[in-house]
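# Observations on the three-dimensional arrangement
Spelled out, the chains give:
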Amino acid sequence: MAKLDPASGSSAARDSGLGRRKFLGVLGGVVGGSVLMSHGAQAATHGVATRRVFLGCYTLGAGGGKGIGLADADVQTGALTVTSTLEGVVNPSFLTLAPNRRTVYAVNETTDGRVSAFAVDAAGGLKALGSQSALGADPCHLAVHPSGRFLLTANYSSGSVAVHPIREGGALGAATDLVQHTGSGPDPDRQKGPHAHQVLTDPSGRWVHAVDLGTDSVYVYRLDLGTGKLSRHSQAKLKPGAGPRHIAFHPGGRAAYVANELDSTITVCEWDSATGTLKPGPSLPTAPAGGVTRNYPAEVTVSPDGRFVYLSNRGHDSIAIFAVADGGRGLTPAGTPSCGGAWPRHIVLSCDGRFLYSANERSPGVAVFRVDRSTGGLAQVGQQLSTPRPVCVLPA
């Protein structure tokens, strides 16, 4: 068991940018339009209780999708059924919900990156509210501040983080801030410069974390809710060449877990919300040794009860399971079952923790697993849902 001492990158879509003028023209085709569904966030379809799920994908390049997918999840089995697609949204590779669940935000992962807002109607459909420049290239992750007043966006290729105010009704205003990371790492192909890969707040809501693959760092910021400006508070350095991609916090608020894309490890960190300090501790491999295929961890998530950590392995094509101990500060490997497809870019647990969804980009499809909440084990539910280049699953 790894225990703390008490004391891809984004895919080739980034290389196939879409010009700003063309993107705006495409987005204009959906502004003011909506997809009206007969199923709400929790409704009944032919007598079966369902919940709404949104699917992000890559639209550019071979085999791309057409926009944001709208699906229904069976409350009893977790099985997904795609009901419609909001077409014309370019490369919505990551999605997030506002705290009031009335607005969905999407990155538009292109060289001239943008972020888009969509109102969620009573039937669970989406209506475009417009977009704003992300002020950087290839935005790949975003999060709404718990106050509901600002959207935070990580620009991968630019190595920067943008802040946008959220207006009444959910639409976005022009950016209030852009912070630029600097530095590099030892990997000559992936770490020539900064690559912000994720941005999110800690459980207390006081601190903003930006995970940067290119500089082997997690930056901790304060967000001024009056001005919408970020100020750097601290910087946690990971092992050189680790390539940190994503972070997830234990619900107890004292620990966090960093998925390292380049050296196929997960790092257990001690988190102090009082001082805003992240202290990296021991790292564990995320896939069995001896494999012939190089492995690239992607997403990391924690069960709602804090007993298990899950991580997606691209290459090994598995989901690593870790049992949690010591209030979150200890991890023990508990298996690496198949992801049910190929290249699991994103995994997420259902809101009640009963199911896990794996967006397998290269299968392509979304696999559904029933979670054994006593052991953390995963049992696949049927065959994976076939859908073009899925890279994000957002349960509503």
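Since we're looking at a predicted model, the values are computed, not measured. (Residues numbered from 1 in each chain as written. Predicted model: local features only at pLDDT ≥ 70, side-chain atom pairs only at ≥ 80, totals over all residues. Heavy atoms only, no water.)

## A few points about the overall build of the protein chain
The line we're drawing: Working definition: helices are DSSP H or I runs of at least four residues, strands are E runs of at least two. Numbering for both runs from the N terminus. Surface exposure here means Shrake-Rupley accessible area, sampled with a 1.4 Å probe, where a residue is shielded only by the protein chains that are shown.
Counting its secondary structure elements, the protein chain contains one helix and 31 strands. When the accessible area of the protein chain is evaluated, it comes to approximately 14500 Å², of which 52% is carbon and sulfur surface.

## Brief notes about the environment of P244
For the record, the criterion: The contact criterion used throughout is that any non-hydrogen atoms of two residues lie within 4.5 Å.
Relative to the helices and strands, P244 is located in strand 18 (residues 244-249). Measuring from C-alpha to C-alpha, the distance between P244 and T215 comes to 8.6 Å, with 29 residues separating the pair along the chain. In contact with P244, not counting residues within four places along its chain, are V211, D212, L213, D216, S217, L238, V258, A259 and N260.

## As for the side chain of H250
So the rule is basically this: Each residue is placed in one exposure class: buried if its accessible area under a 1.4 Å probe, protein chains only, is under 20% of its type's maximum, exposed if it is over 50%, and partly exposed if it falls in between. Polar contact is the term for a pair of N or O atoms within 3.5 Å; when the atoms are in protein, one must be able to donate a hydrogen and the other to accept it, and sequence-neighboring residues count only if both atoms are side-chain atoms.
Structurally, H250 is set in the loop between strand 18 and strand 19 (255-260). The buried category is assigned to H250, whose relative accessible area is 8%. Among the polar contacts listed, one links the side chain of H250 to the backbone oxygen of G306, at a separation of 2.9 Å. If we skip the residues at most four places from it in the chain, H250 touches P203, A255, Y257, V302, G306, V324, G327 and G328.

## Comments concerning the confidence of the model for the protein chain
Filter applied, for reference: You can read pLDDT as the predictor saying how much it trusts each residue, on a scale of 0 to 100.
Summary statistics for the protein chain give a mean pLDDT of 91 and a share of 88% for residues scoring 70 or more. Segment residues 5-42: pLDDT under 50, and 108 contacts once partners within four positions in sequence are set aside and those in other chains are kept.

## What to know about the packing of aromatic side chains
Short version of the rule: Stacked, tilted and edge-to-face are the three classes assigned to paired rings of Phe, Tyr and Trp, where Trp is represented by its six-membered ring and a pair needs centres within 6.5 Å; plane angles under 30 degrees give stacked, over 60 edge-to-face, the rest tilted. By the criterion adopted, a ring carries a charge over it if an Arg CZ or a Lys NZ lies within 6 Å of its centre and within 35 degrees of its normal.
For the structure shown, the criterion picks out two aromatic pairs. The interplanar angle of 65° and the centroid separation of 6.0 Å between the aromatic rings of F249 and W271 together place this pair among those described as edge-to-face. Residue F249 is located in strand 18, and its partner W271 is located in strand 20 (residues 265-272); the two are separated by 22 residues in the primary sequence. The same class applies to F249 and to W271, which are both buried. Centroid distance Y296 to W343: 6.0 Å. Interplanar angle 55°. Geometry classified as tilted. Highlighted residues: Y296 in strand 22 (residues 296-302) and W343 in the loop between strand 25 (330-333) and strand 26 (344-349), separated in sequence by 47 residues. A residue is classified by how much of its surface remains accessible, and Y296, at 21% relative accessible area, is partly exposed. Since its relative accessible area comes to 13%, W343 is described here as buried. Here R362 stacks its cationic end above the ring of W343, 3.8 Å away from the centre of that ring.

## Some details on the pairing of strand 27 (residues 355-360)
So the rule is basically this: Two strands pair under a simple rule: DSSP has to find at least two bridges between them.
Across the six residues of strand 27, six count as buried, placing the element largely inside the fold. Side chains F355, Y357 and A359 project from strand 27 onto one buried face, and the interleaved L356, S358 and N360 project onto a second face that is buried too. Two strands pair when backbone bridges link them, and strand 26 and strand 27 are joined in this way by five bridges, in the antiparallel orientation. Across the sheet, residue L349 finds its bridge partner in strand 27, namely L356. The antiparallel hairpin formed by strand 26 and strand 27 contains five residues in its connecting segment, where G353 sits at a positive phi of about 80°. Where strand 27 lies against strand 28 (residues 365-371), six bridges are found, and the strand directions are antiparallel. When the bridges of strand 28 are listed, S358 appears paired with A367. The antiparallel pairing of strand 27 with strand 28 creates a hairpin that spans four residues between the two strands.

## Comments concerning the pairing of strand 20
Counting buried positions along strand 20 yields six of eight residues, so the element is predominantly enclosed. Note that strand 19 and strand 20 share six bridges and pair antiparallel. When the bridges of strand 20 are listed, Y257 appears paired with V268. Connecting the antiparallel pair strand 19 and strand 20 is a turn made up of four residues, with S264 showing a positive phi of about 55°. Across seven bridges, strand 20 lies against strand 21 (residues 277-285) in antiparallel orientation. Looking across to strand 21, one finds that E270 is bridged to K279.

## Some details on the sheet that holds strand 15 (residues 208-212)
Quick note on the threshold: For helices, the axis comes from a line fit to the C-alpha atoms of the stretch in contact; other axes are also lines fit to C-alpha atoms, and the angle between any two N-to-C directions lies between 0 and 180 degrees.
The four strands lie next to each other as 14-15-16-17, forming an open sheet whose pairing is antiparallel. Each having just a single partner strand, strand 14 (196-201) and strand 17 (229-237) make up the two edges of the open sheet. Going from strand to strand, the sheet's axes swing by 25° on average, the running direction of each strand aside. Where strand 15 lies against strand 16 (residues 217-224), five bridges are found, and the strand directions are antiparallel. By the bridge assignment for strand 16, A210 is matched with Y219.

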